[in-house]
Amino acid sequence: MTVDWRAGQATVSRDGADEQALRAALAGMRYRLEEIRQPDRGAAGAERDAYEYDLAIVGSGGGAFAAAIAARQRDLRVVMVEHDTVGGTCVNVGCIPSKALLAVAEARHRAGQRRFPGIATRADGVDFGALIDGKRQIVEGLRREKYLDLADEYGFEIVGGSARFLEGPLLDVDGRRLHAAHYLIATGADPYVPDIPGLADSGYLTSTTAMELDALPQSLLVIGGGYVAMEQAQLFAHLGTDVTILVRSALCARASRGTRDQRSDP
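Residues numbered from 1 in each chain as written. Predicted model: local features only at pLDDT ≥ 70, side-chain atom pairs only at ≥ 80, totals over all residues. Heavy atoms only, no water.

Enquirer: Can you walk me through the overall build of the chain in this structure?
Expert: On a plain count of helices and strands, the chain comes out with 9 helices and 11 strands. Put simply, the chain has 266 residues, and 26% of those count as buried. Counting only carbon and sulfur atoms, one obtains 52% of the accessible surface of the chain, whose full area is about 17700 Å². (Helix = DSSP H or I, 4+ residues; strand = E, 2+ residues; numbered from the N terminus. Buried < 20%, exposed > 50% of the residue type's maximum accessible area, 1.4 Å probe, protein only. Areas by Shrake-Rupley, 256 points an atom, 1.4 Å probe, with all protein chains shown as cover.)

Enquirer: Explain a nonpolar patch on the surface to me, please; I cannot follow it from the model alone.
Expert: A cluster of nonpolar residues, Met1, Val3, Val12 and Tyr31, forms a patch on the protein surface that exposes about 420 Å² of accessible area. Its place among the elements puts Tyr31 in the loop between α1 (19-25) and α2 (43-49). Overall, Tyr31 belongs to the partly exposed group, its relative accessible area being 35%. (Patch = residues over 30% accessible without salt bridge, like charges linked within 9 Å, V, L, I, M, F, W, Y side chains within 5 Å. Salt bridge = Lys/Arg side-chain N within 4 Å of Asp/Glu carboxyl O.)

Enquirer: Honestly, helix α5 (residues 95-111) in this entry has me stumped. Any pointers?
Expert: Since the α-helix packs 3.6 residues into each turn, any two residues three or four apart lie on the same face. With 17 residues, α5 ought to run about 24 Å at 1.5 Å a step, and its terminal C-alpha atoms sit 24 Å apart, in line with that. Listing the buried residues of α5 in full gives Pro97, Ser98, Ala100, Leu101, Leu102, Ala105 and His109. Buried residues along α5 sit against α4 (88-92), α6 (128-154) and α8 (227-239). (Expected span 1.5 Å × (residues − 1). Contact = heavy atoms within 4.5 Å.)

Enquirer: Mind showing me how you'd approach the state of the cysteines here?
Expert: A covalent bond between the sulfur atoms of two cysteines is referred to as a disulfide. Tallying each qualifying case throughout the model produces 0 disulfides. Summary of cysteine pairing: Cys90 is not part of a disulfide, and the nearest cysteine sulfur, belonging to Cys95, is at 3.3 Å. According to the relative accessible area criterion, Cys90 is partly exposed, its value standing at 31%. Assessed through its relative accessible area of 38%, Cys95 is described here as partly exposed. (Disulfide = S-S within 2.5 Å.)

Enquirer: I would appreciate a short explanation of the sheet that holds strand β9 (residues 180-185) in the present structure.
Expert: The strands making up a sheet associate through backbone hydrogen bonding, with each pair oriented either parallel or antiparallel. Taken in spatial order, the 4 strands make up an open sheet running β5-β4-β3-β9, and their pairing is parallel. The open sheet has two edge strands, β5 (157-160) and β9, and neither has a second partner. Put simply, the sheet's adjacent strands are angled 25° from each other on average, direction ignored. Pairing geometry for strand β4 (residues 78-82) and β5, over 4 bridges, is parallel. Across the sheet, residue Val81 finds its bridge partner in β5, namely Val159. Across the sheet, helix α3 (residues 62-72) touches β3 (53-58), β4, β5 and β9, and the angle it forms with β4 is around 165°. (Pairing = 2+ DSSP bridges. Axes fitted to C-alpha atoms, helices over the stretch in contact; angles between N-to-C directions.)

Enquirer: What is the right way to look at the packing of aromatic side chains in this model?
Expert: Counted by the stated rule, this structure contains 4 aromatic pairs. Summarising the aromatic geometry, the rings of Phe65 and Tyr147 are spaced 5.0 Å apart at their centres and angled 85° between planes, so their arrangement reads as edge-to-face. In this pair, Phe65 is assigned in helix α3 and Tyr147 in helix α6, connecting sequence segments 82 residues apart. Judged by relative accessible area, Tyr147 falls into the buried class, the value being 12%. Plain terms: the ring middles of Phe65 and Phe156 are 5.6 Å apart, the flat faces sit at 65° to each other, and that makes the pair edge-to-face. (Phe/Tyr/Trp six-rings, centres within 6.5 Å; stacked < 30°, edge-to-face > 60°.)

Enquirer: What is the right way to read the sheet that holds strand β8 (residues 176-178) from this model?
Expert: Strand order in the open sheet formed by 3 strands is β6-β7-β8, and the pairing between neighbours is antiparallel. Each of the sheet's edge strands pairs with one partner strand only, and the pair in question is β6 (163-166) and β8. Sheet twist, expressed as the average angle between the axes of neighbouring strands with direction ignored, equals 30°.

Enquirer: Please explain the packing of α5 against α8 as it appears in this structure.
Expert: Axes are the key here: two packed helices are described by the angle between their axes and the distance separating the axes. In the contact formed by α5 and α8, the axes pass within 8 Å of each other and the chain directions differ by 40°. α5 and α8 meet at a crossing whose hand is left-handed. On the side of α5, the interface is formed by Ser98, Lys99, Leu101, Leu102, Ala105, Glu106, Arg108 and His109, while α8 contributes Glu231, Gln234, Leu235, His238 and Leu239. Residues that form the contact of α5 with α8 fall into these classes: 5 nonpolar, 4 polar and 4 charged. (Left-handed = near helix turned anticlockwise from the far one by under 90°. Nonpolar A, V, L, I, M, F, W, Y, C, P; charged D, E, K, R; others polar.)

So, in structure tokens, the structure goes:
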């Protein structure tokens, strides 16, 4: 028997039992007999046997896991390939770490503001290495809970290594051959690095590497005015870094100045 508690259904081999016996076995339970299928090992079955997997996915982020889970709910054979860290952007270098550090930075920022008479608070120095270690613990725990454990729960394999297509088509993953009926590319993207003379030699940071620093920088120049740029700027400014933002759009610059002028705590 295979039980999928998320879908609320179970599949069981009848092993010769007739329909009446099956209904009697389910009496008093929360399951009901929905349909009986006869196995079809015709052309479709033979075609499936020609492949090791029904779906091979290159990448292991949110989109890759959504596809893998949907395929497993249809009883398809799934394998996932990841050359680096399982989990993709959100849990590893995006939403989870940035929001964790933003919360810490906000707490320090508010502690440094004398908002109420009669109550004195202060914002002392920052042990940035300890903050990063705490962020890593959060990320590692959620990566295990929301990704790796789900792969075990839904029953699909994650293969570590770099994938490349060979004639067939099939995948070569560091010497291991994976032959699937269908392939899904879900590799995500890297931060865009603008073509600025001298930037490559400057030791620049991205939103990923900035949240892996061992020490808090004294100053930071943020290029761009999107939500990732604003998050990074706010995070480091609230921790005590002198932050400057460069934007191309004059409208964005005016909006930033207007927001700053209207609030007592930039």
